[in-house]
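As a plain string of letters, each chain reads:
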Amino acid sequence: MDKIWIKDLEIFAYHGVLAEEKRNGQKFYVTVSMDVDLHAAGMTDDLDKTVNYAEVCELIRRTMQEESYDLIEAAAENVADAILLAYPQIKMVHVIVSKPGAPIPMDFDTVCVDITRGRHIAYLGIGSNLGDKEAYLDYAVDQLNKDEYIQVTKVSSYIITEPYGDVEQDDFLNGCLEIETIYSPQDLLAVINDIEVQGAGRKRLIHWGPRTLDIDILLYDQEMIMEDTLKVPHVEMAKRAFVLEPLAEIAPYAYHPGYHKTIIELLEILQNKKD
């Protein structure tokens, strides 16, 4: 991927844990590398086909000066977020915030924080079998799209499916979404849980039982995550036609990093087992 660099942008700001740092301020230096496709700009010599680095510099200055952070880690995080939110064409941003005046009683050159943040493709499964099921699924799509860190890029058809498990209950309405997000998997999970509980008043009192709204992270880039509260790819997705069918509709060639197969391949395997 092509890159635009801004190196050692000098900014006077008021970040630091100590009171005198907040009061007196000091110089910081910000270096940014932005991953962006520059082919069209190079071929046309058109500023509109690239990222205006003068505007980015002003955005960095505002972000560094409008708030006072205890940690340069927070300053770097907010610079990265501001750039990604302002410029959808930037796929990845690398931010280094240097603090040469850090209160360290030893000889040193500078203290730096170095982070990389970017856009990620994730696939979500959505389902409901209580109340107005379609309205709950539409609500999930709408709430995800309202979050500035998320863009819903594809929505499958909704399909009616029989309940999974031994609990007697109404049929489900299921679908899948493709999203582009700046959130980490863990932060995305927190947003999803909030939509389920706070917005849809989720009820899920029995395992495999009825629920107003269920949102699962199925895939997140090619990451494999095994944590107590989050497992990606979703551990049961390859066994569930109600996941694979709508997912194959919007992303047939999305790749499952655990099974090393595409979604359409996993669906064909599952269908052959039923036959």
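In what follows, the structure referred to is the one given above.
Residues numbered from 1 in each chain as written. Predicted model: local features only at pLDDT ≥ 70, side-chain atom pairs only at ≥ 80, totals over all residues. Heavy atoms only, no water.

Asker: What is the right way to read the nonpolar core from this model?
Answerer: Side chains that are nonpolar tend, in soluble globular proteins, to be buried together. Of all hydrophobic cores here, the largest spans 58 residues; its most connected members are Ile60, Ile83, Val95 and Leu188. For this core, the element with the highest residue contribution is helix α4 (residues 72–86), accounting for eight residues. Setting aside its immediate chain neighbours within four residues, Val95 contacts Val30, Thr31, Val32, Ala76, Val79, Ala80, Val113, Asp114 and Ile115. Formed by 19 residues, the second largest nonpolar core is a distinct cluster that contains Ala241, Ile250, Ala254 and Leu267. (Core = buried A, V, L, I, M, F, W, Y, C linked by side-chain atoms within 4.5 Å. Buried < 20%, exposed > 50% of the residue type's maximum accessible area, 1.4 Å probe, protein only. Helix = DSSP H or I, 4+ residues; strand = E, 2+ residues; numbered from the N terminus. Contact = heavy atoms within 4.5 Å.)

Asker: Can you help me understand the pattern of salt bridges in this one?
Answerer: Pairing of side chains with opposite charge becomes possible as their charged atoms draw close. Within this structure, the stated rule accounts for nine salt bridges. Note that Glu10 is salt-bridged to Lys27, the shortest N-O span being 3.7 Å. Linking Glu10 in strand β1 (residues 3–13) with Lys27 in strand β2 (residues 26–35), this pair joins segments that are 17 residues apart in sequence. In this structure, Lys146 and Asp142 form a salt bridge, with 3.3 Å as the shortest nitrogen-oxygen distance. A residue pair is termed a helical-turn pair when its members lie 3 or 4 positions apart in one helix, as Lys146 and Asp142 do in helix α5 (residues 133–146) at four residues. A relative accessible area of 35% places Asp142 in the partly exposed class. (Salt bridge = Lys/Arg side-chain N within 4 Å of Asp/Glu carboxyl O.)

Asker: Would you take a moment to explain a nonpolar patch on the surface for this structure?
Answerer: Together, Val17, Leu18 and Leu71 make up a nonpolar patch on the protein surface, roughly 260 Å² of accessible area in all. If you trace the backbone, Leu18 turns up in the loop between β1 and α1 (19–24). Taking the relative accessible area as the measure of exposure, Leu18 reaches 34% and is therefore partly exposed. (Patch = residues over 30% accessible without salt bridge, like charges linked within 9 Å, V, L, I, M, F, W, Y side chains within 5 Å. Areas by Shrake-Rupley, 256 points an atom, 1.4 Å probe, with all protein chains shown as cover.)

Asker: Any chance you could explain the environment of Met64 here in plain terms?
Answerer: Mapped onto the fold, Met64 is located in helix α3 (residues 53–66). We classify Met64 as buried; its relative accessible area is 0%. Each C-alpha atom of the pair Met64 and Tyr29 lies 10 Å from the other, and the pair is 35 residues apart in sequence. Ignoring anything within four residues of it in the chain, the contact list for Met64 reads Ile11, Ala13, His15, Phe28, Val30, Ala75, Val79 and Val97.

Keep in mind that these numbers describe shape and distance, not what the molecule does.
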